[in-house]
Amino acid sequence: MRYLALIVSALLLSACASPLPPRDPGMAWVDLYTSASDLLMAEKLDGKRLNDGRYFQITPGAHELIARFHFEVQGGGNLMAEPIQRTCEIRVRYDDFAAGQHYRIEARTLAMSAQAWLYDEQRNVLARAKVLRCGMF
């Protein structure tokens, strides 16, 4: 478990080291957000793996976004037990991404699972994410 925490920490530090690319006005931009103690990273866009998990930059239209959400939950039925690392794979489908628009996927824990939503710039909920699977992977 500690090894996984070290890997996640290293990924966070390396991601922070490189700047985000400039936004293309012909594309839609999707940020990912969760609480500071958790990690939400982009994984796939329309079935293809991404090189940078910090954001999605996509063409206008319909897309399927897959992200991984890492978080800790209290282990076992005992408050003194070590926390357990959990990962949920979430999917967001939305048909109307628009060029030049800024979107945001927000995720939070829900017991041993997760919840996530896609928002526009005015904080309107555009889609609710589907949790595909959760576990210790």
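This text follows the structure it describes.
In this report, we go over the structure that sits alongside the text. (Residues numbered from 1 in each chain as written. Predicted model: local features only at pLDDT ≥ 70, side-chain atom pairs only at ≥ 80, totals over all residues. Heavy atoms only, no water.)

1. Thoughts on the side chain of Arg86
Link 1 in the chain: Relative to the assigned elements, Arg86 resides in strand 6 (residues 84-97).
Link 2 in the chain: No salt bridge forms around the buried Arg86; measuring N to O, its nearest opposite-charge neighbour Asp38 is 11 Å away.
Link 3 in the chain: From its side chain, Arg86 meets the backbone oxygen of Met112 in a polar contact 2.9 Å long.
Link 4 in the chain: Aside from chain neighbours lying at most four places away, what touches Arg86 is Phe69, His70, Phe71, Val73, Met112, Cys134 and Gly135. (Helix = DSSP H or I, 4+ residues; strand = E, 2+ residues; numbered from the N terminus. Buried < 20%, exposed > 50% of the residue type's maximum accessible area, 1.4 Å probe, protein only. Lys, Arg positive; Asp, Glu negative; His and termini not counted. Salt bridge = Lys/Arg side-chain N within 4 Å of Asp/Glu carboxyl O. Polar contact = N/O pair within 3.5 Å; in protein donor to acceptor, adjacent residues only side chain to side chain. Contact = heavy atoms within 4.5 Å.)

2. With respect to the environment of Glu106
Link 1 in the chain: Along the chain, Glu106 falls in strand 7 (residues 102-110).
Link 2 in the chain: A relative accessible area of 14% means that Glu106 is categorised as buried.
Link 3 in the chain: In the structure, Glu106 is positioned 23 residues away from Ala129 in sequence and 9.4 Å away in space, judged by C-alpha atoms.
Link 4 in the chain: Not counting chain neighbours up to four residues away, the residues in contact with Glu106 comprise Tyr33, Gln115, Ala116, Trp117, Tyr119 and Arg123.
Link 5 in the chain: Polar side-chain contacts of Glu106 include one of 2.4 Å to the side chain of Arg123.

3. Notes on the sheet that holds strand 8 (residues 113-119)
Link 1 in the chain: Judged by pairing direction, the sheet is mixed, and its 5 strands sit side by side in the order 4-1-7-8-9 without closing on themselves. At either margin of the open sheet sits one strand with a lone partner, and together these are strand 4 (55-58) and strand 9 (125-128). Going from strand to strand, the sheet's axes swing by 20 degrees on average, the running direction of each strand aside.
Link 2 in the chain: Strand direction decides the pairing type here: strand 1 (residues 28-33) and strand 7, joined by 5 bridges, are parallel. Bridge pairing in strand 7 links Leu32 to Ile105. (Pairing = 2+ DSSP bridges. Axes fitted to C-alpha atoms, helices over the stretch in contact; angles between N-to-C directions.)

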